[in-house]
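# Observations on the model geometry
Here is how the chains run, residue by residue.
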Amino acid sequence: MLLRVLVSVVTISSITACMLMMGSCTSGWRHEPMITAKSDSESSLDRVLKEGTLEVTTNYNSMNYYIYRGQPMGFQYEMLEQFSSSIGVKLKIRIEENLEKAFEQLAEKKTDLVAMGLTVTGERRKRFDFTEPLLITRQVLVQRLPDNWRRLATRDELEAKLLRSSLELGGKTIYVQEGSVFVQRLEVLAEETGDSIIIVEDKRGVEELVEAVSKGQIQYTVADEHMALLFSKIYPDIDVRTPLSFEQRLAWALHKEPDNELLNEINEWLAVFTSSSAGRGLYRKYFEGSGISSSRRSEFHSMTAGKLSSYDDVIRKVAKEIGWDWRLLASLIYQESEFKPDAVSWAGAFGLMQLMPAAMEQLGIDTSASAEEQIHAGGKYLQYLDVQIPESVTDSNERKKFVLAAYNSGIGHVLDSRRLAQKHRKDPNLWTDNVDFFLRNKSKPAFYRDEVVYYGYARGEETYRFVVEITERYEHYKNLLPE
């Protein structure tokens, strides 16, 4: 006999938003980009290479995609970054906690890839192509240890209070993520044992359900073993030693295509990467040692307190004053100093915002300035640069890129690059794929010796990367942090 309940549960934490392996929650504050369908007229790989972007749907948890001390991190995230870099394209991540919605987006070609550590099943193979396995795992029961487990005299006493056989699941209520393979597995176990299992399909993600078990809010859930072992370090009051399935493959899902060149490209890359020192090091980083569990307890982990730094409140205040998204200003500060108020560069730039001595003097501060004073001064300097960007740059996002470039290389080099763009019939009011090209090449005589150039040579590649890295990090901040 099988009883199934479908429920909708409010997330345990408004900051715990949802992550990479098996889904998570839906949050009203998260940035939701417009989704447009991909063309059917070309292969996935051709389209990705032409557009220069790999769009991936994933979710949010303590293993696969999160922010720690200002830096995007995670096992799946780092693998996706490595693969994207290997084929020379940018990675664009879209968060989706609902598995069925993620599959719908893939089926409708609104995304190129679903990277949630998906279990490969026969039914899923009918709809999608799957990569070679990233991991081999099995499903395990997550149950709460008894309240007095630390005071029990022997291991046998503890074992007697835990479920260790699927036969003991009869009559138990088990919460699992809605739409996950855990539902089907419990259905099979109910049929095999001839007993009732009350399956509650829950909108929360796997980690949130594990946390609920740890807090005693629910008794049981199911997780993949490699994730469960990590969670057992974060939540010490759970047990994850009862297997519920045989070993299963976890992989990425792609559109089903007759000759899937993107699939072949990923599989060839995986074969090399997983056996390399970089691949082995990435595995050790996330699956061995205590680094993940200790970082998860930090207030600067996006799933714990949603803080980037000790200065978030000041950054929000200054960002509001200058009309910026605080997450963009925070990304700039991370780029400059990694939130270190006493940082000093080789060139003499100082503090959180790495202001040069001349700029500090102009702004009325010195090296004794507090962190708050440094951020306020940096905000004023950004405004100073903004008013020097011509009003013809009307797109707000492009305008901020001009300001970022000027912050790094100086306003003169940016204005030079606008004049070069105009001379070569590019749009001087657009940074991306227009003015950025000329600043990027301003270290070459053919450009910095041009008659329209007033400020000469510049290390433009450095400035180009400065803008790219800040804006890319900003996208991750928008994915995972509230406005």
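To start, this report covers the structure provided alongside it. (Residues numbered from 1 in each chain as written. Predicted model: local features only at pLDDT ≥ 70, side-chain atom pairs only at ≥ 80, totals over all residues. Heavy atoms only, no water.)

Residues of helix α3 (residues 99–107) that are buried include every one of Leu99, Ala102, Phe103, Gln105 and Leu106, and no others. Seen end-on, α3 carries its buried residues on one side only, within an arc spanning 155 degrees. On its buried face, α3 sits against β4 (53–58), β7 (90–95), β8 (113–119), α4 (122–127), β12 (173–177) and β16 (248–254). Residue asparagine 98 occupies the N-cap position of α3, its side-chain oxygen lying 3.0 Å from the main-chain nitrogen of glutamate 100. Note on α3: the residue one or two positions beyond its end, lysine 109, has a positive phi of about 60 degrees. (Buried < 20%, exposed > 50% of the residue type's maximum accessible area, 1.4 Å probe, protein only. Helix = DSSP H or I, 4+ residues; strand = E, 2+ residues; numbered from the N terminus. Arc of directions from axis to C-beta. Contact = heavy atoms within 4.5 Å. Polar contact = N/O pair within 3.5 Å; in protein donor to acceptor, adjacent residues only side chain to side chain.)

On to the packing of helix α12 (residues 312–322) against helix α15 (residues 371–386). When two helices pack together, their arrangement is captured by the angle between the axes and the distance separating the axes. Look at α12 against α15: their axes get within 10 Å of each other, and the N-to-C directions meet at 20 degrees. In terms of their interaxial angle, α12 and α15 are classed as roughly parallel. Once α12 is placed against α15, the crossing between them reads as right-handed. Every residue of α15 that contacts α12 at Val314, Ile315, Lys317, Val318, Glu321 and Ile322 is listed here: Glu372, Ile375, His376, Gly379, Leu382 and Gln383. (Axes fitted to C-alpha atoms, helices over the stretch in contact; angles between N-to-C directions. Parallel < 35°, antiparallel > 145°, perpendicular 65-115°, else oblique. Left-handed = near helix turned anticlockwise from the far one by under 90°.)

Of note, the phi angle at arginine 69 is positive, near 50 degrees, even though the residue is not glycine. Relative to the assigned elements, arginine 69 resides in the loop between β5 (66–68) and β6 (71–73). Judged by relative accessible area, arginine 69 falls into the partly exposed class, the value being 43%. Even without a glycine there, the phi angle at lysine 109 is positive, about 60 degrees. Examined against the element boundaries, lysine 109 turns out to sit in the loop between α3 and β8.

When you line up the elements, glutamine 82 lands in helix α2 (residues 75–86). Taking the C-alpha atoms as reference points, glutamine 82 and glycine 279, separated by 197 residues in sequence, lie 9.7 Å from one another. If we ignore the near neighbours within four places in the chain, the residues touching glutamine 82 are Trp269 and Phe273.

Under the definition given, this model contains 27 salt bridges. For glutamate 475, the salt bridge is made with lysine 478, and the minimal N-O distance between the two is 3.1 Å. One end of the pair is glutamate 475 and the other is lysine 478, both in helix α20 (residues 460–480) and 3 residues apart, which spans about a single turn. With relative accessibility at 34%, the residue glutamate 475 sits in the partly exposed group. Residue class for lysine 478 comes out buried when judged on its relative accessible area of 12%. (Salt bridge = Lys/Arg side-chain N within 4 Å of Asp/Glu carboxyl O.)

A full pass over the atoms with the stated rule returns 15 aromatic pairs. Judged by centre distance (5.6 Å) and plane angle (65 degrees), the ring pair of phenylalanine 83 and tryptophan 269 falls under edge-to-face. Here phenylalanine 83 is found in helix α2, whereas its partner tryptophan 269 is found in helix α9 (residues 261–273), with 186 residues between them in sequence. The class for tryptophan 269 is buried, based on a relative accessible area of 13%. On the numbers, 5.0 Å between centres and 90 degrees between planes, the contact of phenylalanine 437 with phenylalanine 438 is edge-to-face. Aromatic ring contacts, followed pair by pair, group Phe75, Tyr283, Tyr286 and Phe287 into a single cluster. Its end group placed over the ring of tyrosine 454, arginine 419 keeps NZ or CZ at 3.9 Å from the ring centre. In this arrangement the basic side chain of arginine 440 is found over the ring face of tyrosine 464, its NZ or CZ atom lying 3.8 Å from the centre. (Phe/Tyr/Trp six-rings, centres within 6.5 Å; stacked < 30°, edge-to-face > 60°. Lys NZ or Arg CZ within 6 Å of the ring centre and 35° of its normal.)

Looking at the element boundaries, aspartate 239 is found in strand β15 (residues 238–243). Reaching out from aspartate 239, the side chain makes a polar contact with the side chain of arginine 164 at a distance of 2.8 Å. Ignoring sequence-local partners within four residues, the contact set of aspartate 239 consists of Leu141, Val142, Gln143, Leu145, Arg155, Leu162 and Arg164.

Attention shifts here to the packing of α2 against helix α10 (residues 277–287). α10 packs onto α2 with a crossing angle of 160 degrees between their chain directions and a minimal axis gap of 10 Å. Between α2 and α10, the angle is such that the two are roughly antiparallel. Judged by the twist between their axes, the crossing of α2 over α10 is right-handed. Counting all contacts with α2, which are made through Phe75, Glu78 and Met79, the residues of α10 involved are Leu282, Tyr283, Lys285, Tyr286 and Phe287. Within the contact of α2 with α10, the residues separate by chemical class into 6 nonpolar, no polar and 2 charged. (Nonpolar A, V, L, I, M, F, W, Y, C, P; charged D, E, K, R; others polar.)

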